[in-house]
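# A look at the structure
The primary structure of each chain is shown beneath.
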Amino acid sequence: MAHPRAPMERLIRANADEINRLQQAIHESASARWRGPQERERHAAACAEFHQHYERLAFPGGYANALKRLAEHDPDTLDVALTFLEVRPYFFRSGYMWKTLLKRVQRVPMGIKQRARLQKILDAYAAYRATRDGR
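The residue count restarts for each chain, going from 1 along the sequence in the order it is written. Totals for whole chains, interfaces and linings use all residues, but because this is a predicted model, local features are given only for residues with pLDDT of at least 70 and pairs of side-chain atoms are given and counted only at 80 or more. Heavy atoms throughout the structure, all of them, feed into the side-chain values; hydrogens and water do not.

### A closer look at the overall build of the protein
- Secondary structure counts use DSSP, requiring at least four H or I residues in a row for a helix and at least two E residues in a row for a strand, with both numbered from the N terminus. Assigned secondary structure in the protein consists of six helices and zero strands.
- The linear arrangement of helices and strands in the protein, starting from the amino end, is α-α-α-α-α-α.
- Both definitions apply: the radius of gyration is a C-alpha atom measure, and the globule rule equals 2.2 Å times residues to the power 0.38. For the protein, the C-alpha radius of gyration of 18 Å lies well beyond 14 Å, the compact-globule estimate for 135 residues.
- If one aligns the C-alpha atoms of the protein with their principal axes, the spans along those axes are about 60 × 35 × 35 Å.
- Exposure categories follow from relative accessible area, calculated using a 1.4 Å probe and restricted to protein chains: below 20% of the type maximum is buried, above 50% is exposed, and the middle band is partly exposed. Here the protein holds 135 residues, and the buried ones make up 38% of them.
- Residues count as neighbours in contact if any of their non-hydrogen atoms are within 4.5 Å of one another. For the protein, contacts bridging at least 24 residues in sequence account for 64% of all contacts bridging at least 6.

Right under this line is the structure:
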């Protein structure tokens, strides 16, 4: 049987892949943008597409909305935020988002299972920090 969070995990990973694809299109068109109007337009279109979709792709339901909903102690948003923290997707600005979400979820009342999930995340983060800092 599939894990109940599996569909959300897949969505978060797929969205991260799409953000990375959109950002790659910006990088690929950037060096050629000085060659002429068509290349400049291609680069501008790549930038516009990235900015148009980033907020929606960065976090299911939108990142700004998630921060607002967490402040309101929304349990569904808390579950999605915990899944995001567990998945730890990698894309433009995801590290900043991850740290912000980690701080914000700790302010939200949670049940035993959610608290256990958070503790696993905190333990993994502490282990990561210890190896990164060379301790």
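Back to the text.
### Digging into the pattern of salt bridges
- Salt bridges, as used here, are contacts in which a Lys or Arg side-chain nitrogen is within 4 Å of a carboxyl oxygen on Asp or Glu. Scanning the entire structure with this criterion turns up six salt bridges.
- The partner of glutamate 18 in a salt bridge is arginine 21, with the nearest N and O atoms 2.7 Å apart. Of this pair, glutamate 18 and arginine 21 both sit in helix H1 (residues 6-30), separated by three residues, roughly a single helical turn.
- The salt bridge involving lysine 68 is made with glutamate 72; its shortest N-O contact spans 3.2 Å.
- For lysine 68, a relative accessible area of 47% gives the class partly exposed.
- Accessibility expressed as a relative area gives 48% for glutamate 72, which makes it partly exposed.
- What you see here is one network of salt bridges that share partners, running through Glu18, Arg21 and Glu49.

### A word on the packing of H1 against helix H2 (residues 37-58)
- To get an axis, fit a line to the C-alpha atoms, keeping to the stretch in contact for a helix; angles then go from 0 to 180 degrees between the N-to-C directions. Across the interface, H1 lies against H2 with an axial gap of 9 Å and an inter-helix angle of 160°. In terms of orientation, H1 lies roughly antiparallel with respect to H2. The way H1 lies across H2 gives a crossing that is left-handed. Note on element contacts: H2 touches H1 through Arg42, His43, Ala46, Cys47, Glu49, Phe50, His53, Tyr54, Arg56, Leu57 and Ala58, opposite Asn15, Glu18, Ile19, Arg21, Leu22, Gln23, Ala25, Ile26, Glu28, Ser29 and Ala30.
- By the convention adopted, Pro, Cys, Tyr, Trp, Phe, Met, Ile, Leu, Val and Ala count as nonpolar, Lys, Arg, Asp and Glu as charged, and the other residues, Gly among them, as polar. When its residues are assigned to classes, the contact of H1 with H2 shows 11 nonpolar, five polar and six charged. Roughly parallel means an angle under 35 degrees; roughly antiparallel means over 145; roughly perpendicular covers 65 to 115; every other angle is labelled oblique. Here a crossing is called left-handed whenever its near helix is offset anticlockwise from the far helix by less than a right angle, and right-handed whenever the offset is clockwise.

Read these as spatial facts, not as claims about activity.
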